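Descriptive structure summary
Residue-level listing of the chains:
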Amino acid sequence: MSEEDTMIPTPLPHIGGTLIWYYMICHRELWLMAHALNPDEDDPNIEYGRFLHERAYAREGNEVELENSKMDRVIERDGHIIVVEIKKSSSAIDSARTQLVHYLMELEERGISAQGELRFPEERRKEIVILDDAWRERLRNIKEEIVQITAEPKPPPAKRVSWCSRCGYVEFCWS
Ligand code: SF4
(Lines give C-alpha, C1' and ligand atoms only; values in the text may rest on other atoms or scores of the structure.)
Protein backbone atom coordinates (compact mmCIF):
# COMPACT_ATOMS: atom_id res chain seq x y z
CA MET A 1 0.00 0.00 0.00
CA SER A 2 1.48 3.40 -1.00
CA GLU A 3 1.81 6.35 1.35
CA GLU A 4 -0.96 8.13 -0.59
CA ASP A 5 -3.38 5.25 0.07
CA THR A 6 -2.89 5.59 3.81
CA MET A 7 -3.24 9.42 3.91
CA ILE A 8 -6.13 10.65 6.03
CA PRO A 9 -7.56 14.11 5.15
CA THR A 10 -6.62 16.73 7.75
CA PRO A 11 -9.68 17.48 9.88
CA LEU A 12 -10.80 21.09 9.51
CA PRO A 13 -11.44 23.27 12.56
CA HIS A 14 -15.12 23.83 13.29
CA ILE A 15 -16.59 26.56 11.13
CA GLY A 16 -19.97 28.11 11.95
CA GLY A 17 -22.70 28.90 9.43
CA THR A 18 -22.18 32.65 9.75
CA LEU A 19 -18.60 32.37 8.48
CA ILE A 20 -19.85 30.33 5.53
CA TRP A 21 -22.27 33.14 4.75
CA TYR A 22 -19.55 35.80 4.96
CA TYR A 23 -17.26 33.74 2.76
CA MET A 24 -19.91 33.81 0.06
CA ILE A 25 -20.45 37.58 0.43
CA CYS A 26 -16.91 38.97 0.81
CA HIS A 27 -13.63 37.40 1.89
CA ARG A 28 -12.59 40.59 3.68
CA GLU A 29 -15.77 40.54 5.75
CA LEU A 30 -15.13 36.87 6.48
CA TRP A 31 -11.64 37.65 7.78
CA LEU A 32 -12.87 40.59 9.92
CA MET A 33 -15.69 38.57 11.45
CA ALA A 34 -13.45 35.56 12.05
CA HIS A 35 -11.04 37.81 13.93
CA ALA A 36 -13.89 39.20 16.03
CA LEU A 37 -13.62 42.74 14.71
CA ASN A 38 -17.28 43.49 15.15
CA PRO A 39 -19.08 45.78 12.73
CA ASP A 40 -21.04 48.87 13.71
CA GLU A 41 -23.79 47.49 15.99
CA ASP A 42 -25.95 50.55 15.29
CA ASP A 43 -26.06 49.83 11.58
CA PRO A 44 -29.80 49.89 10.74
CA ASN A 45 -29.50 46.77 8.56
CA ILE A 46 -28.02 44.79 11.44
CA GLU A 47 -30.73 46.09 13.78
CA TYR A 48 -33.51 45.15 11.39
CA GLY A 49 -31.99 41.74 10.75
CA ARG A 50 -32.08 41.06 14.49
CA PHE A 51 -35.70 42.17 14.74
CA LEU A 52 -36.65 39.88 11.86
CA HIS A 53 -34.93 36.91 13.44
CA GLU A 54 -36.61 37.52 16.77
CA ARG A 55 -40.12 38.15 15.52
CA ALA A 56 -40.70 36.35 12.24
CA TYR A 57 -42.23 32.94 12.85
CA ALA A 58 -41.63 33.28 16.60
CA ARG A 59 -44.49 30.88 17.28
CA GLU A 60 -42.42 28.08 15.77
CA GLY A 61 -39.83 28.28 18.53
CA ASN A 62 -36.43 29.79 18.95
CA GLU A 63 -32.95 29.51 17.57
CA VAL A 64 -31.10 26.22 17.93
CA GLU A 65 -27.37 26.35 18.64
CA LEU A 66 -24.96 23.67 17.49
CA GLU A 67 -21.29 24.40 18.25
CA ASN A 68 -20.57 27.64 16.34
CA SER A 69 -23.77 27.53 14.29
CA LYS A 70 -27.11 29.11 15.14
CA MET A 71 -30.10 27.78 13.23
CA ASP A 72 -33.04 30.17 13.07
CA ARG A 73 -35.64 27.43 13.58
CA VAL A 74 -35.76 23.64 13.61
CA ILE A 75 -39.26 22.25 13.13
CA GLU A 76 -40.86 18.90 12.41
CA ARG A 77 -43.36 18.61 9.57
CA ASP A 78 -44.94 15.40 8.22
CA GLY A 79 -42.27 13.33 9.94
CA HIS A 80 -39.39 15.36 8.45
CA ILE A 81 -36.99 17.60 10.31
CA ILE A 82 -36.79 21.02 8.66
CA VAL A 83 -34.10 23.60 9.36
CA VAL A 84 -35.45 27.08 8.65
CA GLU A 85 -33.23 30.01 7.75
CA ILE A 86 -34.86 33.45 7.67
CA LYS A 87 -33.39 36.26 5.58
CA LYS A 88 -34.38 39.85 5.10
CA SER A 89 -34.08 39.63 1.34
CA SER A 90 -33.18 37.12 -1.36
CA SER A 91 -30.47 39.37 -2.80
CA ALA A 92 -27.74 37.09 -1.39
CA ILE A 93 -29.64 33.88 -1.99
CA ASP A 94 -26.63 31.76 -2.90
CA SER A 95 -24.96 32.70 0.40
CA ALA A 96 -28.15 31.85 2.26
CA ARG A 97 -28.41 28.47 0.50
CA THR A 98 -24.80 27.63 1.30
CA GLN A 99 -25.22 28.56 4.97
CA LEU A 100 -28.35 26.43 5.21
CA VAL A 101 -26.73 23.45 3.49
CA HIS A 102 -23.89 23.75 5.99
CA TYR A 103 -26.41 23.33 8.83
CA LEU A 104 -27.88 20.27 7.09
CA MET A 105 -24.40 18.78 6.85
CA GLU A 106 -23.71 19.52 10.52
CA LEU A 107 -26.83 17.56 11.41
CA GLU A 108 -26.03 14.76 8.98
CA GLU A 109 -22.62 14.33 10.62
CA ARG A 110 -24.54 13.69 13.84
CA GLY A 111 -26.81 11.12 12.20
CA ILE A 112 -29.77 13.46 11.68
CA SER A 113 -31.28 13.73 8.22
CA ALA A 114 -32.98 17.08 7.60
CA GLN A 115 -34.23 19.32 4.82
CA GLY A 116 -33.71 23.05 4.60
CA GLU A 117 -36.23 25.81 4.09
CA LEU A 118 -35.16 29.32 3.22
CA ARG A 119 -37.68 32.01 4.04
CA PHE A 120 -37.87 35.61 2.90
CA PRO A 121 -40.85 36.92 4.87
CA GLU A 122 -40.80 40.38 3.30
CA GLU A 123 -40.99 38.82 -0.14
CA ARG A 124 -43.48 36.12 0.95
CA ARG A 125 -41.15 33.60 -0.59
CA LYS A 126 -39.81 30.17 0.45
CA GLU A 127 -37.33 27.74 -1.06
CA ILE A 128 -36.65 24.10 -0.16
CA VAL A 129 -32.95 23.20 0.03
CA ILE A 130 -31.69 19.61 -0.18
CA LEU A 131 -28.21 18.38 0.77
CA ASP A 132 -26.71 16.26 -2.03
CA ASP A 133 -23.24 15.05 -3.05
CA ALA A 134 -22.51 18.15 -5.12
CA TRP A 135 -23.20 20.33 -2.08
CA ARG A 136 -21.10 18.09 0.18
CA GLU A 137 -18.10 18.47 -2.15
CA ARG A 138 -18.62 22.21 -2.58
CA LEU A 139 -18.84 22.75 1.17
CA ARG A 140 -15.66 20.80 1.82
CA ASN A 141 -13.82 23.09 -0.63
CA ILE A 142 -15.37 26.23 0.85
CA LYS A 143 -14.30 25.23 4.37
CA GLU A 144 -10.73 24.61 3.23
CA GLU A 145 -10.64 28.07 1.65
CA ILE A 146 -12.08 29.66 4.80
CA VAL A 147 -9.27 28.10 6.83
CA GLN A 148 -6.69 29.52 4.41
CA ILE A 149 -8.21 33.03 4.29
CA THR A 150 -8.67 33.37 8.04
CA ALA A 151 -5.14 32.09 8.74
CA GLU A 152 -3.68 35.10 6.88
CA PRO A 153 -2.20 37.76 9.19
CA LYS A 154 -4.13 40.58 7.47
CA PRO A 155 -7.57 40.84 5.84
CA PRO A 156 -7.76 40.76 2.04
CA PRO A 157 -7.94 44.26 0.50
CA ALA A 158 -11.35 45.90 0.21
CA LYS A 159 -13.03 45.22 -3.11
CA ARG A 160 -16.37 46.79 -3.96
CA VAL A 161 -19.19 44.28 -4.05
CA SER A 162 -22.93 44.87 -4.23
CA TRP A 163 -23.17 44.02 -0.52
CA CYS A 164 -20.89 46.91 0.60
CA SER A 165 -23.74 49.41 1.02
CA ARG A 166 -25.45 47.03 3.47
CA CYS A 167 -22.29 45.85 5.24
CA GLY A 168 -21.51 46.83 8.84
CA TYR A 169 -17.87 47.44 7.83
CA VAL A 170 -18.68 49.97 5.11
CA GLU A 171 -17.23 52.89 7.14
CA PHE A 172 -14.15 50.88 7.99
CA CYS A 173 -13.48 49.90 4.38
CA TRP A 174 -14.48 52.97 2.46
CA SER A 175 -14.31 56.17 4.54
S1 SF4 B 1 -17.74 46.98 3.11
FE2 SF4 B 1 -17.59 45.72 1.26
S3 SF4 B 1 -15.40 45.25 1.07
FE4 SF4 B 1 -15.74 45.94 3.18
S5 SF4 B 1 -16.07 44.07 4.34
FE6 SF4 B 1 -18.08 44.84 3.75
S7 SF4 B 1 -18.59 43.80 1.84
FE8 SF4 B 1 -16.39 43.55 2.18
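None of the values given here were measured: they were computed from a predicted structure. (Residues numbered from 1 in each chain as written. Predicted model: local features only at pLDDT ≥ 70, side-chain atom pairs only at ≥ 80, totals over all residues. Heavy atoms only, no water.)

Thoughts on the overall build of the chain
Along the chain, the regular secondary structure elements total 6 helices and 6 strands. Listing each helix as α and each strand as β along the chain from the N terminus yields α-α-α-β-β-β-β-α-β-β-α-α. Taking all 175 residues of the chain together, 38% fall into the buried category. Taking all contacts inside the chain whose residues are at least 6 apart in sequence as the whole, residues at least 24 apart take part in 68%. When the accessible surface of the chain is summed, it comes to about 10500 Å², and 50% of that surface belongs to carbon and sulfur atoms. (Helix = DSSP H or I, 4+ residues; strand = E, 2+ residues; numbered from the N terminus. Buried < 20%, exposed > 50% of the residue type's maximum accessible area, 1.4 Å probe, protein only. Contact = heavy atoms within 4.5 Å. Areas by Shrake-Rupley, 256 points an atom, 1.4 Å probe, with all protein chains shown as cover.)

Considerations on the pattern of salt bridges
This structure, assessed with the given rule, holds 9 salt bridges. With a closest N to O distance of 3.9 Å, D94 and R97 form a salt bridge. With D94 and R97 both in helix α4 (residues 93-108) and 3 residues apart, this pair spans about one turn of that helix. Sharing partners across several salt bridges, the network here consists of D94, R97, E127 and R138. (Salt bridge = Lys/Arg side-chain N within 4 Å of Asp/Glu carboxyl O.)

A short note on the site of the ligand
Contacts to the ligand come from C26, E29, K159, V161, C164, C167, Y169, V170, C173 and W174. At a threshold of 2 Å from the grid points, most atoms of the ligand map onto the largest cavity. For the shell around the ligand, the element with the highest residue contribution is helix α6 (residues 170-174), accounting for 3 residues. Its residues placed into classes, the shell around the ligand shows 8 nonpolar, no polar and 2 charged. (Near = heavy atom within 4 Å. 1 Å grid on protein atoms, 1.4 Å probe; cavity = no way out; pocket = protein on both sides within 12 Å on 5 of 7 lines; lining within 4 Å. Sits in = over half its atoms within 2 Å of the grid points. Nonpolar A, V, L, I, M, F, W, Y, C, P; charged D, E, K, R; others polar.)

Details of the confidence of the model for the chain
Scored by pLDDT, the chain has a mean of 82; 78% of the residues are at 70 or more. Counting contacts from residues 1-12, a segment whose pLDDT is below 50, to residues more than four positions away or on other chains yields 7 contacts. (pLDDT = per-residue confidence, 0-100.)

Some thoughts on a nonpolar patch on the surface
On the surface, a cluster of nonpolar side chains totalling about 240 Å² of accessible area is made up of V64, V74, I81 and I112. Mapped onto the secondary structure, I81 falls in strand β4 (residues 80-86). Accessibility expressed as a relative area gives 30% for I81, which makes it partly exposed. (Patch = residues over 30% accessible without salt bridge, like charges linked within 9 Å, V, L, I, M, F, W, Y side chains within 5 Å.)

Here we look at the packing of helix α1 (residues 17-25) against helix α2 (residues 27-34)
The contact between α1 and α2 brings their axes to 6 Å, and the two run at 150°. Of the possible angle classes, the one that applies to α1 and α2 is roughly antiparallel. Taken together, the residues of α2 that come into contact with α1 (itself represented by L19, Y22, Y23 and I25) are H27, E29, L30, M33 and A34. Within the contact of α1 with α2, the residues separate by chemical class into 7 nonpolar, 1 polar and 1 charged. (Axes fitted to C-alpha atoms, helices over the stretch in contact; angles between N-to-C directions. Parallel < 35°, antiparallel > 145°, perpendicular 65-115°, else oblique.)

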